[in-house]
Amino acid sequence: MAPQRLTTRTPAARSGFSRRGFVGLLGAGAATAGVGTVAGAPFAHAAAPEGLTAARLPSPSSPGYWDAVERLFMLDKDVLFMNVGTVGSPPREVVEIVDRTHREVAAGAIAAYSDFADVRAVAARGHGCDPDELAVSHNTSDGMSKILAGLALKEGDEILTTNHEHSGGNVPMALLRDRYGVRIKRVALPVGNDQRAEDYVELFRGAITSRTKVLLFSAPTYKTGTMLPIRMLAELAQEHGLISVVDGAHIPGMMAYDFHQLGVDFLAGAGAKWQCAPGGTGLLYLRNKVLDRYNPNPLPEFWPVVSSGYPSEGGVPPRTDGPKESYDIAAQLQQVGNGSMAIMAGVRRACEVWDRIGRERIEKRVVGLSDHLKELVAERWGVKALYSPKDDPRLTCALTSFAPFRDAGDVYDGEKTTALVERLKDEHGITIRTSDFPVAGSDRPHHVVRVSTHLFHQKKDVERVVDALWKLSGTMR
Ligand SMILES: Cc1ncc(COP(=O)(O)O)c(C=O)c1O
């Protein structure tokens, strides 16, 4: 499709600069039509993408609805891709808008010194928070780094976390430890089905000391797909005056959470995993007001360490102690030199696609497929093979980890697990991944497989991966 031309050439249009955000480029109120302007100029997003779009899906009650949802994606169907926990695949209309915008930006040499306020508004709307509390980051790791580097922690302060964190959180914590003498204390997470949400609260409660300043955990953990009970842990943090930080890499696009209701101070999520936004994107939530109902604690001291939006003179007003923000802190994080209009257009469109389908409908679907997978694993291998919870719905999500071999001792065999995953790809055309982690009471790490269930999967795909793994692992005794 030939790119449309920009029609206006004001200096503002050429620079793409807009003081009040990205309204300039994408157009406030163009939420689903994709009509936008550069600083008031008509922009090419009005063109309808070819083929099926989320705006043209049949009624959710129609029998072919989920098949149609699957057709929104351009994922290669020769392979059954079930590793969304590592990376998702953008819908066709997201790819098209990124492509078109790139072409237009190239043709017009358009800069984007913007705080992308309207993209943030769309993303915030889908996540139960306000635009001043949501920045589009480069990914989860970037979000976690900006959160941790922005906190006013000092020598001897303690971060209470878990033994199942990702390097996206571990590395910025290590930097605080090595640079400032911040202490990192870890609780050992339980694994498997035999646990309840309350167990996590007690585990963390028992480890809080007078030095603890931050409670940091992944929800879900990428190791076992255990959805730690965020709201309950946020309440625990509030009770003890702790700052709560969630590595929520897998939350955007998978779970229909309202970030205000979660009651946490910070949450870093991926854009390119379950949300299927372009690569190199993430969502960074930072509470920017006192929420009487969900988090009445004062706002923590926070510095946007990577910013060209922070005032170079005069500083900022004190953070609010009420329900109205005193300034747009997310805008300060968002403005870092020249941004990418194309990528931001893609983030916006991905969020719009999700909102159209309905985030609760998506959560129900993808977690429902995981529930089905867990039932099949329990039937074939026995429930003890599951490293993800199954029976407490507060702990489940769309990531499923389990031990794929019949012999329980094989759980220590990393090479064999890797070989299984490779053979599954080569011989059955199915992509999943391995996962390894420490288990309390075991002197060696456990090695299992992890399967992601998403919008481009059907029940039959879940059955296919189970059958293939059962067959293959049976031949690898
Ligand atoms: C829990 C968790 N945190 C952080 C990351 C890093 O994600 P990103 O690539 O978005 O930085 C991952 C990636 O899989 C993850 O699973």
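Placed above this text is the structure.
Residues numbered from 1 in each chain as written. Predicted model: local features only at pLDDT ≥ 70, side-chain atom pairs only at ≥ 80, totals over all residues. Heavy atoms only, no water.

## A closer look at the sheet that holds strand 11 (residues 399-402)
Moving on, step 1. Ordered in space as 11-14-13, the 3 strands form an open sheet in which the pairing is antiparallel. Two strands bound the open sheet, and with one partner strand each, they are strand 11 and strand 13 (433-437). Here the strands of the sheet are splayed against their neighbours by 35° on average, with no regard to which way each runs.
Moving on, step 2. In this structure, strand 11 lies alongside strand 14 (residues 446-452), joined through 4 bridges in antiparallel fashion. Across the sheet, F402 pairs through a bridge with V449, a residue of strand 14.
Moving on, step 3. Set on the sheet, helix 14 (residues 414-428) makes contact with strand 13 and strand 14; between it and strand 14 the angle comes to about 25°. (Pairing = 2+ DSSP bridges. Helix = DSSP H or I, 4+ residues; strand = E, 2+ residues; numbered from the N terminus. Axes fitted to C-alpha atoms, helices over the stretch in contact; angles between N-to-C directions. Contact = heavy atoms within 4.5 Å.)

## A short note on the site of the ligand
Moving on, step 1. Taken together, the neighbourhood of the ligand is formed by G85, N139, T140, S141, H166, S218, Y222, D247, A249, H250, A270 and K273.
Moving on, step 2. Within the side chain of S141, a nitrogen or oxygen atom sits 2.6 Å from an oxygen atom of the ligand.
Moving on, step 3. Take K273: an N or O atom from its side chain is 2.8 Å from an oxygen atom of the ligand.
Moving on, step 4. For the ligand, the accessible surface in isolation is 390 Å², of which the surrounding protein chains cover 87%.
Moving on, step 5. Residue classes in the shell around the ligand are distributed as 3 nonpolar, 7 polar and 2 charged. (Near = heavy atom within 4 Å. Polar contact = N/O pair within 3.5 Å; in protein donor to acceptor, adjacent residues only side chain to side chain. Areas by Shrake-Rupley, 256 points an atom, 1.4 Å probe, with all protein chains shown as cover. Nonpolar A, V, L, I, M, F, W, Y, C, P; charged D, E, K, R; others polar.)

## Focus: helix 6 (residues 140-150)
The periodicity of an α-helix, 3.6 residues per turn, causes residues three or four places apart in sequence to face the same way.
Moving on, step 1. The element helix 6 is largely enclosed, with a buried count of 8 among its 11 residues.
Moving on, step 2. Within the span of helix 6, buried status applies to T140, D142, G143, M144, K146, I147, L148 and G150.
Moving on, step 3. N-cap assignment for helix 6: the residue whose side-chain oxygen lies 3.1 Å from the backbone N of S141 is N139. (Buried < 20%, exposed > 50% of the residue type's maximum accessible area, 1.4 Å probe, protein only.)

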